[in-house]
Protein chains: 2
Amino acid sequence: MQELRVNGKRLWESIMETAKFGAMSRGGVSRLSLSDEDRRVRDWFAEACKGARCEVTVDDMGNMFARRSGRHNAAVPIAIGSHLDTQPAGGKFDGIAGVLSGLEVIRTLNDVGYCTEAPLEVINWTNEEGSRFAPPMLGSGVFAEVISRDFAYSREDRQGKKFGEELERIGYRGSARCGEHRLSTYFELHIEQGPMLEMGGKTIGVVTEAQGQRWYEVTLTGQAGHAGSTPMHLRKDALLGCARIVEGVNRIGLDHAPLAVSTVGLVEVRPNSPNVIPGSVFFTVDLRHPEDDMMAKMDAEFREMMSRVAGESGLGVELSEIYVRPSTEFDRACVEQVREAAERLNYKYREMVSGPGHDALYVARVVPAALVFIPCEGGISHDEAENARPEDVEAGANVLLHVVLARDATTFEGKHV
Amino acid sequence: MQELRVNGKRLWESIMETAKFGAMSRGGVSRLSLSDEDRRVRDWFAEACKGARCEVTVDDMGNMFARRSGRHNAAVPIAIGSHLDTQPAGGKFDGIAGVLSGLEVIRTLNDVGYCTEAPLEVINWTNEEGSRFAPPMLGSGVFAEVISRDFAYSREDRQGKKFGEELERIGYRGSARCGEHRLSTYFELHIEQGPMLEMGGKTIGVVTEAQGQRWYEVTLTGQAGHAGSTPMHLRKDALLGCARIVEGVNRIGLDHAPLAVSTVGLVEVRPNSPNVIPGSVFFTVDLRHPEDDMMAKMDAEFREMMSRVAGESGLGVELSEIYVRPSTEFDRACVEQVREAAERLNYKYREMVSGPGHDALYVARVVPAALVFIPCEGGISHDEAENARPEDVEAGANVLLHVVLARDATTFEGKHV
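Everything numeric here is computed off the predicted structure, so don't read it as measured data. Throughout this document, residue positions are counted from 1 along each chain, in the order its sequence is written. For naming, the first written chain is A and the first written ligand is 1, with later ones following in the order written. The model is predicted, so local features are restricted to residues of pLDDT at least 70 and side-chain atom pairs to those at 80 or more, both for listing and for counting; the totals for chains, interfaces and linings are taken over all residues.

1. Considering the overall build of chain A
Piece 1. Of regular secondary structure, chain A possesses 12 helices and 16 strands.
Piece 2. Values of the radius of gyration come from C-alpha atoms, whereas the globule rule sets the reference at 2.2 Å times the count of residues to the power 0.38. Scaling as 2.2 N^0.38, a compact globule of 417 residues should have a C-alpha radius of gyration of about 22 Å, and chain A matches this with 23 Å.
Piece 3. Any residue surrounded by 20 or more other C-beta atoms within 10 Å of its C-beta is treated as buried, while 12 or fewer makes it exposed and the intermediate range makes it partly exposed; C-beta atoms here are placed from the backbone. A total of 417 residues make up chain A; the buried ones form 59% of that total.
Piece 4. Once C-beta atoms are placed from the backbone, any two residues with those atoms within 7 Å are in contact. The long-range share in chain A, meaning contacts at least 24 apart out of those at least 6 apart in sequence, stands at 78%. For helices the rule is a DSSP run of H or I covering at least 4 residues; for strands it is a run of E covering at least 2, with both sets numbered from the N terminus onward.

So this is what it looks like as structure tokens:
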């Protein structure tokens, strides 16, 4: 099967087809987790998998598993997965390219009538993005027992709608208990979401580890008042405090560059009226570093900076750390199989550290796993301008195909079946 | 009629009754201009005025005029007015106290069967707040020919709904042409929205002039990107630029204190997701100063600061000045009548400059006008915590009553009727 290759054109067309669910005016996709658009792409995906002779099951976190039978159906499946949800103004590839590459691997095997030893599965994990329901990766997080089901169900979007209720509403709360579904190994393809592969002229990123990450939610409380009649020295302007913290958060990332990154991505000002001094501001902070001790240092610096600014500005502060993810090392054997496949297929590759979080990071805690990156244009993602080249997506899917075949060949090595 | 006083209890009860339209959980009111709640309070007001034997007319900006006949109905009416719309999370008094004090003056005259020479009118001006449709004071602005009707109709809220369409929708686009309705004099009562009266132990503020004001809308454009994989030095973070401008705007106010104030009140971050570097930020800037030449200096400093920050941060900037209001001096004779009434009624008063904009500022351009302030608790307004004391509201209404009576007594002085 060394000569077998995926059908890149079919894969590309599938990606373009799913991009219609939540299509935006400038080429992007808005498909928030558990929205009607998410339901529609899930329905499409389930049908496409059934068309590829897979059986589709859904667990009680809405994670979808499409299984193609192997010779030994009692064997634990090899899985490929990612997510179909997007950012509020995201692109066509983030997550989707990974799920549909898995589907393409199965379609390719169907084309030549190849039967693997173990079953193969393609997985769509629920709520990877975390933009509607924070924190991100709720589906794989509950799967890996990092996040409790009750916590996940209780998460609310900015309109106060609960994750559990929305899952029920779109009809994707399955009966199988999340976490009980067994996998032998897990591989995920994803666009890099950074500029390094493109800048280095590489096609494949062999991801060896992932950054640690912390998410915080902050509410600063001052005193709303009339913008025309409240003298400057009597103000408690919550936005002014927030502005200073945005500057401070940026400083922490710069101080620990090049490995650190730090971001304030979401801000809500209240009451948000041009002639009212902001009485309170809610915002999020995202800190990342590949080394856990440096991550701890950044956390301490952030907390110190925040209390100082709030104190100086006369503001009340409520801080909650809603998400802590230590750095992750991927399974050495799995990573090695990715490297070998890239080499055998003659793709230029490099090893790298993942900045973004991915479902693979959680899955890796309970199943041997690896993560494969492909380039994206200008390193841009989480934006309508996100783009990838058909030949790179195809190359990534070919790596998945060959990793899975190599893995499958060793499934029963030295074992009695 | 020197002994005549308004019924403070009835006035207070009217204020509490209108506070139900758009009531919020912490005692405030959310009654944005041309919303369903605005329609309901308008309906209530029209009924109440009819109940006080007034004839209600509406012009094509939705401004409402409730007229009580006088002895000489061909005479141009004396008017009392303010507005019934509120901030998104405003209070029970801002605007409302002025309109309902006007109604109370009429009810008081009805109680004793007193007939004025000229007709009296109570006015509700449309969209004073400007929080749904910027700029503020559209109704009185068109009345005074400072704002064109077409511009007003075309203003959009943040959902893209147009002022003209919403006015039509709530059924308050009258047939009379705004600006053609004649007034002989105009008086407005308003809470101070600042702490000076309370701090000085005064009941009445005799407003002699009002600050100039400029409003700007700004859009900063950078590049959205993944918070985990975009190195700090490659970022174009629009929120970081906004944070620096918020700091700079605050600095301009401080540099020209105590007379200057400067505020960023509304911010919208896009795409506003915790793990996305903000690609663009829209925000408003409000600068005020009672002296026009200092206002011009602040404007120049603001523009210079903004280009510098945008340049240094690698951001695109779109700036539009959506509102310029020069400082206003009120009619000397009208101001003097307010002072005399406060003195005669034995209320502690002081002269003052208005920071906030008010309908009276526009009306003053075409009709002799004056503005009366009463204290509000802690100087707080534009917030649910906004509060005023019943005795202060009553005092303000008594000043209006006696100003109107004094004015009316001079209506035909020296003239043949």
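2. Some details on the relation of the copies chain A and chain B
Put simply, the two copies of the chain differ by a rotation about an axis and a shift along that axis.
Piece 1. Here the copies were fitted onto each other by least squares, based on C-alpha atoms from residues at pLDDT of at least 70 in both. For these two chains of identical sequence, chain A goes onto chain B by a turn of 180 degrees and a shift of 0.0 Å along the axis, with RMSD 0.1 Å. Both chain copies can therefore be described as sitting about a two-fold axis. Among all residues of chain A, the minimum C-alpha distance to the rotation axis is found for Ala243(A), at 2.1 Å.
Piece 2. When the interface residues of chain A are mapped onto chain B, 98% of them again lie at the interface, so the same face is used by both copies.

3. Points about the pairing of strand β12 (residues 280–289) of chain A
All names here are of chain A.
Piece 1. Taken across its 10 residues, β12 has nine buried, putting it largely inside the fold.
Piece 2. Whether two strands pair depends on DSSP finding at least two bridges between them. Sheet topology note: the strand β7 (residues 212–221)/β12 ladder contains 10 bridges and is antiparallel. The partner of tyrosine 216 across the bridge, within β12, is valine 285.
Piece 3. Relative to β12, strand β9 (residues 261–263) runs antiparallel, the two being bridged by three bridges. Bridge pairing in β12 links serine 262 to leucine 287.
Piece 4. Where strand β10 (residues 267–270) meets β12, four bridges bridge the pair, whose relative direction is antiparallel. Across the sheet, arginine 270 pairs through a bridge with serine 280, a residue of β12.

4. Details of the interface of chain A and chain B
Piece 1. Counting residues at the interface gives 64 residues for chain A and 63 residues for chain B.
Piece 2. Counting residues per element, the side of chain A that touches chain B draws most heavily on helix α8 (residues 238–255) of chain A, at nine residues.

5. Some remarks on the domain arrangement of chain A
Residues and elements named next belong to chain A.
Piece 1. The split of the chain into domains comes from an automatic or database domain assignment. Here chain A is described as being made up of domain 1 (8–211 + 327–409) and domain 2 (212–325).
Piece 2. Placing a centre on the C-alpha atoms of domain 1 and another on those of domain 2 gives a separation of 33 Å.
Piece 3. The interface is formed by nine residues belonging to domain 1 together with 12 residues belonging to domain 2.
Piece 4. Partitioned by chemical class, the residues of the side of domain 1 that touches domain 2 number four nonpolar, four polar and one charged. Amino acids outside the nonpolar list (Ala, Val, Leu, Ile, Met, Phe, Trp, Tyr, Cys, Pro) and the charged list (Asp, Glu, Lys, Arg) are all regarded as polar, and Gly is one of them.

6. Structural notes on the packing of helix α10 (residues 332–344) of chain B against helix α12 (residues 390–409) of chain B
Residues and elements named next belong to chain B.
Piece 1. Put simply, α10 and α12 touch, their axes get as near as 9 Å, and they point 120 degrees apart. Relative to α12, the element α10 is oriented oblique. Relative to α12, the crossing made by α10 is right-handed. Along the contact surface, α10 presents Gln337, Val338, Ala341, Ala342 and Arg344, while α12 presents Val399, His402, Val403, Ala406 and Arg407.
Piece 2. Of the residues in the contact of α10 with α12, the class split is six nonpolar, two polar and two charged. Here an angle of 0 to 180 degrees is reported between the N-to-C directions of two axes, which are lines fitted to C-alpha atoms, with helices fitted over the stretch in contact. Put simply, angles under 35 degrees are roughly parallel, angles over 145 are roughly antiparallel, angles from 65 to 115 are roughly perpendicular, and the rest are oblique. Note on convention: near helix rotated counterclockwise from far helix by under a right angle means a left-handed crossing. Clockwise means right-handed.

7. Section: the pairing of strand β4 (residues 120–124) of chain A
Across a regular strand the side chains alternate sides, sitting on one face of the sheet and then on the other.
All names here are of chain A.
Piece 1. Across the five residues that make up β4, a large majority, five, are buried.
Piece 2. Side chains Leu120, Val122 and Asn124 project from β4 onto one buried face, and the interleaved Glu121 and Ile123 project onto a second face that is buried too.
Piece 3. In this structure, strand β2 (residues 64–68) lies alongside β4, joined through five bridges in antiparallel fashion. Counted as the bridge partner of phenylalanine 65 is isoleucine 123 from β4.
Piece 4. Two strands pair when backbone bridges link them, and strand β3 (residues 78–82) and β4 are joined in this way by five bridges, in the parallel orientation.

8. Section: helix α9 (residues 292–312) of chain B
Residues and elements named next belong to chain B.
Piece 1. In this scheme, a helix's expected span is set at 1.5 Å multiplied by one less than its residue total. Here α9 spans 30 Å end to end across 21 residues, near enough to the 30 Å set by a 1.5 Å rise per residue.
Piece 2. Elements that come into contact with the buried residues of α9 comprise β7 (212–221), α8 (238–255), β12 (280–289) and β13 (316–325).
Piece 3. Of the residues one or two after α9, glycine 314 is the one with positive phi, at around 65 degrees.

9. Some thoughts on the packing of α8(A) against helix α9 (residues 292–313) of chain A
Residue and element names in this part refer to chain A.
Piece 1. Relative orientation of the contacting elements α8 and α9 amounts to 155 degrees, with a least axis distance of 10 Å. By the angle between their axes, α8 is roughly antiparallel relative to α9. Crossing geometry of α8 relative to α9 is assigned as right-handed. Mapping the contact onto sequence places Leu240, Gly241, Arg244, Ile245, Gly248, Val249 and Ile252 in α8 and Met298, Glu301, Phe302, Met305, Met306, Val309, Ala310 and Ser313 in α9.

10. Quick word on the nonpolar core
Piece 1. By convention in this section, buried Ala, Val, Leu, Ile, Met, Phe, Trp, Tyr and Cys residues joined through C-beta atoms within 7 Å make up a nonpolar core. Among the nonpolar cores identified, the biggest contains 245 residues, and Val372(A), Leu400(A), Val372(B) and Leu400(B) are the most heavily contacted of them.
Piece 2. Residues contacting Val372(B), with those up to four places away along its chain left out, are Phe187(B), Glu188(B), Leu189(B), Ile204(B), Gly205(B), Val207(B), Val338(B), Gly396(B), Val399(B) and Leu400(B).

11. Let's talk about the environment of Arg68(A)
Piece 1. Among the structural elements, Arg68(A) can be located in strand β2.
Piece 2. Separated by 16 residues in sequence, Arg68(A) and Ala52(A) have C-alpha atoms that sit 8.2 Å apart.

12. Details of helix α12 (residues 390–409) of chain A
Piece 1. Taking 1.5 Å of rise per residue, the 20 residues of α12(A) would be expected to cover 28 Å, and the 29 Å separating its terminal C-alpha atoms lies within 8% of that figure.
Piece 2. Of all 20 residues that make up α12(A), 15 are buried, and the element is covered over most of its length.

13. Quick notes on the environment of Gly28(A)
All names here are of chain A.
Piece 1. Among the structural elements, glycine 28 can be located in the loop between α1 (8–18) and α2 (36–51).
Piece 2. The exposure class of glycine 28 is buried, given the 23 C-beta atoms found within 10 Å.
Piece 3. Taking C-alpha positions, glycine 28 is 5.6 Å from glycine 90, a pair spaced 62 residues apart along the chain.

14. As for unusual backbone geometry
Piece 1. In this structure, Pro271(A) follows Arg270(A) across a cis peptide bond, with omega equal to 0 degrees.
Piece 2. For Pro271(A), the position within the fold is in the loop between β10 and β11 (276–277).
Piece 3. One non-glycine residue, Leu34(B), lies in positive phi territory at about 65 degrees.
Piece 4. Along the chain, the position of Leu34(B) falls in the loop between α1 (8–18) and α2 (36–51).
Piece 5. Of note in the backbone geometry, Glu145(B) takes a positive phi value of approximately 60 degrees without being a glycine.
Piece 6. Its place among the elements puts Glu145(B) in the loop between α4 (138–143) and α5 (149–154).
Piece 7. Residue Glu145(B) is classed as partly exposed on the basis of its C-beta count, with 13 C-beta atoms lying within 10 Å.

15. What about the environment of Val264(B)?
Piece 1. Relative to the elements of secondary structure, Val264(B) occurs in the loop between β9 (261–263) and β10 (267–270).
Piece 2. Separated by 17 residues in sequence, Val264(B) and Glu247(B) place their C-alpha atoms 9.4 Å apart.
Piece 3. Sequence-distant contacts of Val264(B), that is, excluding residues within four places in its chain, are made with Leu239(A), Val246(B), Val249(B), Phe283(B), Thr284(B) and Val285(B).

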